[in-house]
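Analysis of the macromolecular model
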Amino acid sequence: IACENDDSKRISIFCSACQQTIYPYHLLYHKKTHKALTLLGFASPQRKTDNKTLLAQRQKLISKLTKIPKYSETHRQKIDYSFEFLMDNHTPTSYCDLANINNPSTFTEVNNSLIKALAICQDKNSTWQGDMEDRFIVLNNYGNRSDTCFLGLVDGSHGVTAAETVAAELPLLFLDQLAQTDSSYKKSKDEQQILDSFATVIKADYREKEKIFSEKPGNDETDKANTYEWIHKAYAKSFWRMDRLLRLGRNEVSKVRWSGCSVVTCLVERIPSEETDGTEEEERKHSENTTHSPSARTAKGVAGLLHIANIGNAHAVLCKNGKSHCLSKEHSTSNISERERILQNGGNISINEPDGLVEGYLRTTRGLGHHGDPVLKRSVIPVPHTISVPIDDTCQFLILASNGLWEVLDYNEVLALTLTTFTRYLRMYESVQQNGTSPYVCQHLMPLTEDNLNDSKAIEDLQNGTEILYSNTDIIFCDKLASYAGQELLKTVSPVGSKPLPQFEEDTKMHPSNCKSQTAGRGRVTAETLYDNAASYVSEQLVKTALAAGSRDNITILIVLLNGCNKI
């Protein structure tokens, strides 16, 4: 398609608090407004207040506060800050240049019948960050097993050393633990040699401490309810050992505070279909057949499993039947149970906004590394949250992302943006095919128009479904229905109270789509390049939205298109 439509409209998203359509670069101030109104005691986040009402409410709150025996000057300051913020009537900049992403999205070949496409997009966020401290992991045929892959995202903190080390060595440590229980996981000679070199660090006394993971008391009912307890223990031991290896301080620059990281990982494994009798030979043949035949990738019932582990503030979100399910846990000072754990064990949390810092230094309460400061490390523990989730044809997307995304968008906002961006891309491609455009012309990009935005019909089938979860820890299960997922997230009209704004430069370009042999028709696309390019496009849009929404951290997004995405 020729690049004629340079005035294509920009992305806008729904605020999950008030359901208003907001441009990304208005979202930061919009959410601050919600917080300020809530702190001043206004029940509705949509309530419009004049200066007279704000002043009266402030005086009322301060009057009540001064009558309390334990008067809090900090709370008084929060009231004043909120009042001043609302009185100033902030109007954010109407334009944000998002044309350049430091590391454009790239799709990665994954030989797994559960996955249609996988793409990674990163941005250093040079406005706020000097270095890119995030790293990612994509390993095919993990443990020499077909249809098994290991995905991970490492969000570095205060240096890149820990993140680089974890990205290189954690998969080996986890594989070693899996192989001890399941002989189908194989280690190569090189991998075994590296693991053997760790023996000088993981000594007998340290192995004694690890028995807490393998000798955890349980009963038959627990074992039946949690079939994958052994995988959760393998995760726990591998994280434990990884943290011990980071204590060596290899390649660390500072002598006082060493780098650390948050981690989210996912082991994706297929469950053999009922047609195979379980023999290795037939399973291998079945694997080969499903790998080369996209239409044969879907099995009845549960097709595979996701084994998730996270530590810190890197998260994984699954889109199933149009609903967002958070498969990870927030380990930061905003988590009440984490705050209580630290304080009960003699740690300190500062009064820094918004939720304080561990020992006045770190927001995350769990992580790998941070060994340079023994006082800090006493509170920041290397214990991951783990969960196992069966996946079937109703599972559409899996998103792993660093804190740079989650600090400005919540799970439902990310899900809704992903659904509609992906649907928009498919409608755009279908329109190209129906119009008979030459595949060599659509090789460069497809402008997004208002005609391609009505996604409600495509999302109607995503509103029902049940989930079965297996977990050995407290499950943080975000079961909020993304009721706005099917709405027009990518509006071509201006949001409420906003004036028409200039176009993002990036959105006036054409998105690469190598359409060599793709077939028209929704749900009948057979060319893998379509899904590869769609995944790349969606990941780039998420990164650009996070930048526009005011993210101050490195941003890394790993998006996986699962088999259910072809039903959208």
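For the protein chain, an unreviewed UniProt entry supplies the name Protein phosphatase 2C-like domain-containing protein 1 and the organism Eudyptes chrysocome. Recorded in UniProt for the protein chain, the comment headed Sequence similarities (unreviewed entry) runs: "Belongs to the PP2C family."

In this section: the overall build of the protein chain. Helix and strand counts for the protein chain come out as 16 helices and 14 strands. Looking at the protein chain as a whole, 53% of its 568 residues qualify as buried. Long-range pairs, those at least 24 residues apart, make up 75% of the contacts in the protein chain with a sequence separation of at least 6. When the accessible surface of the protein chain is split by element, carbon and sulfur atoms take 49% of a total near 25800 Å².

Grouped together as the largest cluster of nonpolar side chains are 45 residues, with contacts concentrated most on Phe 397, Leu 405, Phe 422, Ile 557, Ile 559 and Leu 561. Sorting the residues of this core by element identifies β4 (115-123), β9 (315-320), β13 (395-401), α13 (403-406), α14 (411-434), α16 (528-548) and β14 (555-562) as the ones contributing at least two each. The contact partners of Phe 422, leaving out residues within four places of it in the chain, are Phe 397, Tyr 531, Ala 534, Val 538, Leu 561, Cys 565 and Ile 568. The next biggest cluster of nonpolar side chains, apart from the first, holds 35 residues, and it includes Tyr 185, Tyr 206, Ile 231 and Met 242.

What follows covers the pairing of strand β8 (residues 304-311). Burial of β8 is extensive: eight of the eight residues sit out of reach of the surface. Neither face of β8 is open: one carries Gly 304, Leu 306, Ile 308 and Asn 310, the other Leu 305, His 307, Ala 309 and Ile 311, and all of them are buried. Relative to β8, strand β7 (residues 260-270) is paired through eight bridges, and the arrangement is antiparallel. Residue pairing across strands places Val 264 opposite Asn 310, the latter belonging to β8. One ladder, built from seven bridges, connects β8 with strand β12 (residues 385-391); its direction is antiparallel. Each bridged residue has a counterpart across the sheet, and for Gly 304 the counterpart in β12 is Ile 391.

What follows is about the state of the cysteines. Inspection of every chain in the model, using the stated rule, returns zero disulfides. Take Cys 395: it sits in no disulfide, and the sulfur closest to it among the cysteines is that of Cys 319, at 8.5 Å. Judged by relative accessible area, Cys 395 falls into the buried class, the value being 0%.

Let us look at the packing of aromatic side chains. Here the structure, examined in full by the defined rule, presents eight aromatic pairs. Measuring from ring centre to ring centre gives 4.1 Å for Phe 174 and Tyr 235, while their planes differ by 10°; the resulting arrangement is stacked. One end of the pair, Phe 174, is in helix α4 (residues 161-181); the other, Tyr 235, is in helix α9 (residues 229-246), and 61 residues separate them in sequence. Between Tyr 235 and Phe 239, the ring centres sit 6.3 Å apart and the planes meet at 65°, which makes this aromatic pair edge-to-face.

Okay, unusual backbone geometry next. For Asn 251, which is not glycine, the phi torsion reads 65° and is therefore positive. Here Asn 251 lies in the loop between α9 and β7. The backbone phi angle of His 370 is positive, close to 60°, even though this residue is not glycine. You can see His 370 is positioned in the loop between β11 (368-369) and α12 (374-379). Since its relative accessible area comes to 3%, His 370 is described here as buried.

This part is about the pairing of β7. Each regular strand carries side chains that alternate between the two faces of the sheet. Of all 11 residues making up β7, 11 are buried, and the element is well covered by its neighbours. With burial as the criterion, each face of β7 is covered, one bearing Gly 260, Ser 262, Val 264, Cys 266, Val 268 and Arg 270 and the other bearing Cys 261, Val 263, Thr 265, Leu 267 and Glu 269. Direction of pairing for strand β6 (residues 148-157) relative to β7: antiparallel, over a ladder of 10 bridges. Within β7, the residue paired with Leu 153 across the bridge is Val 264. One ladder, built from two bridges, connects β7 with β11; its direction is antiparallel. In the strand pairing of β11, Gly 260 is matched with Gly 369.

Let's shift gears to the confidence of the model for the protein chain. Low pLDDT means the predicted atomic positions in that stretch should not be read closely. Here the protein chain shows a mean pLDDT of 75. Residues at 70 or above account for 70%. Note that pLDDT drops below 50 for residues 275-299; the model gives that stretch 29 contacts with residues more than four away or on any other chain. Low confidence marks residues 437-526, where pLDDT is under 50. Its contacts with residues over four positions away, or in another chain, come to 256 contacts.

A separate point is the side chain of Arg 244. Tracing the chain through its elements places Arg 244 in helix α9. Once residues within four sequence positions are removed from consideration, Arg 244 is found in contact with Val 201, Ile 202 and Tyr 206.

All told, the structure shown has 16 salt bridges when counted by the stated rule. In this structure, the salt-bridge partner of Asp 182 is Arg 145, at a minimum N-O distance of 3.5 Å. Note that Asp 182 is positioned in the loop between α4 and α5 (189-197) and Arg 145 in the loop between β5 (134-139) and β6, a separation of 37 residues in sequence. You can call Asp 182 partly exposed: its relative accessible area is 22%. Classification of Arg 145 by relative accessible area gives buried; the value is 16%. Here Arg 341 and Glu 338 are joined by a salt bridge, their closest N and O atoms 3.1 Å apart. Placement of the pair is Arg 341 and Glu 338 together in helix α11 (residues 336-344), with a separation of three residues, close to one helical turn. Accessibility expressed as a relative area gives 17% for Arg 341, which makes it buried.

About the cut-offs
Residues numbered from 1 in each chain as written. Predicted model: local features only at pLDDT ≥ 70, side-chain atom pairs only at ≥ 80, totals over all residues. Heavy atoms only, no water. UniProt positions renumbered as here; feature names shortened; annotations may be inferred. Helix = DSSP H or I, 4+ residues; strand = E, 2+ residues; numbered from the N terminus. Buried < 20%, exposed > 50% of the residue type's maximum accessible area, 1.4 Å probe, protein only. Contact = heavy atoms within 4.5 Å. Areas by Shrake-Rupley, 256 points an atom, 1.4 Å probe, with all protein chains shown as cover. Core = buried A, V, L, I, M, F, W, Y, C linked by side-chain atoms within 4.5 Å. Pairing = 2+ DSSP bridges. Disulfide = S-S within 2.5 Å. Phe/Tyr/Trp six-rings, centres within 6.5 Å; stacked < 30°, edge-to-face > 60°. pLDDT = per-residue confidence, 0-100. Salt bridge = Lys/Arg side-chain N within 4 Å of Asp/Glu carboxyl O.

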